[in-house]
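One-letter residues, chain by chain:
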Amino acid sequence: MPVFEADYLVVGAGASGMAFVDCLIGESETEVVLVDRRHRPGGHWNDDYPFVRLHQPSALYGVASRPLGDDRIDETGPNAGFYERATAAELCDYYGRVLDEHLVPSGQVRHLGMHDFIGGDLGGYELRSLLTGERTTVRVRRRLVDATYLESSIPAMHTPPFAVDPDARVVTPNDLVEVTEPASGFTVIGAGKTAMDTCCWLVDNGVAPDAIRWVRPRDAWTNDRASLQPLRLVGNFTAWLADQNEACAEATDLGDLVSRLEDTGVFVRLDPDVEPSFYRGAILSERERTTLRAIEQVVRLGRVVGVGTDHIDLEEGSLPTDTAHVHVDCTAAGLGAEPLRPVFDHDRITLQWVQFGIAPFSAALIGYVEATRQHDAEKNALCPANGFTPEADVRNYARGWATTQRAVGAWMAEPDINDWLSRCRLGPLGNAGEHLQEPAAVESLMRMLASQSAAIDNLELLLAEAGHARP
């Protein structure tokens, strides 16, 4: 049995694992074994539907040491006017280059692809090759790093949560690009970002909106892509931050908070006449919203129970269908929502969000803090676990935003972290450079900071009144 020794064993070579390792080895002389069950890095991007793109701009994604893309503003298409967003294929190529041209050549990282993590302890964690079954032991001097805890669930890797007749055409979004027989129509099943992407892709590829039926048992609050832009458009982002802190500081209850967030454009509903009931951070442009609103056959009869050859059963009714109709299953959970746990805990690091909604930045910050701080209590104060909880409603947003703002306050008290933030390309403010000094951005940042403490205190009060645990 081969035996390796390293300071860290990192399980998972997706976006978080790669960002953590990149920052850790950049700040320390540590040795890392990076293991993943896939043959190459990139995590779920290796398995996702081919027309998927990043939610956020490429400028804010990847690893801190290597730019992703050319910081180009798209001139055409649904992303026109905004910074480029990488495709799944571009992301997989990028992560492969990061591994082959930076991490492995550093001499600090050994990559073991096509290996399962079996378990063990610091004295010997066991891995198993998926190709040969051979076992490998890794003796770890410092910590095990779990980069899979909040792993995304995607349609291609999950089983539909409803019954499917063998003769019905039920596909994942991945399968849509392989369709060779014309469909009598399309039913998109699911209310999240995957369903939104699928509906837009169908329309953009010539399917008439009235040929699409969208089973959407509930509506989501979304964010406006215009607000989440870096570099020379960072003024929009700083205004978005300030609007949130002011709304959070002034809200009288959680319902009033939602109203204030909608009034300022932080929350955007898809259907103007339907009050959304959940928030998972989906980002849409106005053009995408226009496309989705053109689909008028929106079905709100609860979740799908079964798909047959002539009818679809739902919790509150049924719909007709036929054997030529294509049903697209977009019901995978997407972003992980496991119970939050301390990021730093004795001999283990569990990678989770620290800044709400930005996984690579959070993982890179955790890597920096691990390399520069000694005690777990201090590390956890700087990197409080954050993320979506199962209810995914406004309480989820309020808890996540309060945690983020409290963490920002802790970072501002640490000169070295402030310096790191000012140069980290993964942070929306760190990569803005001189644009952060423009009058509009400065004014927004002052508004954000002026209401930060009141926002945290008020959110905690509103959550307590709503019977939700302290963030």
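Conventions adopted
Residues numbered from 1 in each chain as written. Predicted model: local features only at pLDDT ≥ 70, side-chain atom pairs only at ≥ 80, totals over all residues. Heavy atoms only, no water. 1 Å grid on protein atoms, 1.4 Å probe; cavity = no way out; pocket = protein on both sides within 12 Å on 5 of 7 lines; lining within 4 Å. Points joined across faces, edges and corners; volume = space filled by probe spheres on them. Nonpolar A, V, L, I, M, F, W, Y, C, P; charged D, E, K, R; others polar. Pairing = 2+ DSSP bridges. Helix = DSSP H or I, 4+ residues; strand = E, 2+ residues; numbered from the N terminus. Axes fitted to C-alpha atoms, helices over the stretch in contact; angles between N-to-C directions. Phe/Tyr/Trp six-rings, centres within 6.5 Å; stacked < 30°, edge-to-face > 60°. Buried < 20%, exposed > 50% of the residue type's maximum accessible area, 1.4 Å probe, protein only. Core = buried A, V, L, I, M, F, W, Y, C linked by side-chain atoms within 4.5 Å. Contact = heavy atoms within 4.5 Å. Patch = residues over 30% accessible without salt bridge, like charges linked within 9 Å, V, L, I, M, F, W, Y side chains within 5 Å. Areas by Shrake-Rupley, 256 points an atom, 1.4 Å probe, with all protein chains shown as cover. Salt bridge = Lys/Arg side-chain N within 4 Å of Asp/Glu carboxyl O.

Peer 1: Is there a simple way to think about empty space enclosed by the protein in this case?
Peer 2: Rolled over the atoms, a probe sized like a water molecule indicates the empty space that remains. Summed over the entire model, instances satisfying the criterion amount to one cavity of 30 Å³ or more. Considered as a void within the structure, the largest cavity measures approximately 30 Å³ in volume. Along its surface, the largest cavity is lined by Ala191, Met196, Arg216, Asp219, Ala220 and Leu270. Considered class by class, the residues forming the lining of the largest cavity number four nonpolar, no polar and two charged.

Peer 1: I'm lost on the sheet that holds strand β14 (residues 297-299) in this one. Help?
Peer 2: The strand order across the open sheet formed by five strands is β8-β18-β9-β10-β14, and the pairing between neighbours is parallel. Taken across any chain shown, the strands that pair with only one partner, and hence form the sheet edges, are β8 (169-171) and β14. Adjacent strand axes in the sheet meet at a mean angle of 20° when their direction is disregarded. As judged from the three bridges shared by β8 and strand β18 (residues 326-329), these two strands associate in the parallel manner. Its bridge partner lying in β18, Val171 is registered against Val328.

Peer 1: Is there a simple way to explain the packing of aromatic side chains in this structure?
Peer 2: Each pair of aromatic rings is reported with the distance of its centres and the angle of its planes. Applying the stated criterion to the full structure yields 16 aromatic pairs. When the ring of Tyr49 is compared with that of Phe51, the centres are 4.8 Å apart and the planes differ by 50°; the resulting orientation is tilted. Residues Tyr49 and Phe51 agree in their burial class; the two are buried. Between Phe267 and Tyr397, the aromatic rings sit 5.2 Å apart at their centres with planes inclined by 75°, giving edge-to-face as the arrangement. A residue pair is termed long-range when its members are at least 10 positions apart, and Phe267 in the loop between α6 (254-263) and β12 (268-269) and Tyr397 in helix α10 (residues 394-412) qualify at 130 residues. The pair formed by Phe267 and Tyr397 is uniform in burial state, with each residue classed as buried. An aromatic cluster of three or more residues is present, and its members are Trp221, Phe237, Trp240, Phe267, Tyr279, Tyr397 and Trp401.

Peer 1: What should I look at first to understand the nonpolar core in this one?
Peer 2: A general feature of soluble globular proteins is that nonpolar side chains tend to end up buried together. By size, the foremost hydrophobic cluster in this structure holds 81 residues, and its most contacted members are Phe20 and Trp411. Other than its neighbours up to four places away in sequence, Trp411 contacts Val354, Gln355, Phe361, Leu365, Leu382, Ile417, Asn418 and Leu421. The next biggest cluster of nonpolar side chains, apart from the first, holds 35 residues, and it includes Leu228, Ala247, Phe356 and Tyr397.

Peer 1: For this particular structure, what's the right way to read the side chain of Asp393?
Peer 2: Mapping Asp393 onto the fold places it in the loop between α9 (376-382) and α10. Apart from the residues within four sequence positions on either side, Asp393 is in contact with Ser277, Phe278 and Tyr279.

Peer 1: Help me understand the layout of surface pockets, please; the structure alone is not making it clear to me.
Peer 2: When its volume is computed, the second largest pocket comes out at roughly 610 Å³. Around the second largest pocket, the lining comprises 25 residues; the ones closest to its centre are Leu421, Leu429, Leu436, Leu445 and Met448. Residue assignment for the lining of the second largest pocket shows that the elements contributing at least two residues are α5 (234-250), α10, α11 (415-423) and α12 (439-450). Residue contributions to the lining of the second largest pocket peak at six residues, all from α10. In terms of residue class, the lining of the second largest pocket is made up of 16 nonpolar, nine polar and no charged.

Peer 1: How should a nonpolar patch on the surface be read in this particular structure?
Peer 2: Together, Met412, Val442, Met446 and Leu449 give the surface a local cluster of nonpolar side chains, amounting to about 320 Å² of exposed area. At three residues, α12 tops the list of elements feeding residues into the nonpolar patch. Judged by relative accessible area, which is 42%, Met412 ranks as partly exposed.

Peer 1: Looking at this structure, how should I read unusual backbone geometry?
Peer 2: Of note, the phi angle at Leu231 is positive, near 55°, even though the residue is not glycine. Mapped onto the fold, Leu231 is located in the loop between β11 (220-224) and α5. Overall, Leu231 belongs to the buried group, its relative accessible area being 13%. At His346, a residue that is not glycine, the phi angle is positive and equals roughly 60°. Residue classification places His346 among the exposed positions, given a relative accessible area of 67%.

Peer 1: I keep staring at the sheet that holds strand β7 (residues 163-164) and nothing clicks. Help me out?
Peer 2: Paired through backbone hydrogen bonds, the strands of a sheet run either parallel or antiparallel to each other. Within the open sheet, the four strands sit side by side as β7-β15-β16-β17. Their pairing is mixed. Each edge of the open sheet carries a strand with a single partner, namely β7 and β17 (317-320). Looking at chain direction, β7 and strand β15 (residues 304-307) are connected through two bridges and run parallel. Within the sheet, the bridge partner assigned to Val164 lies in β15 and is Val307.

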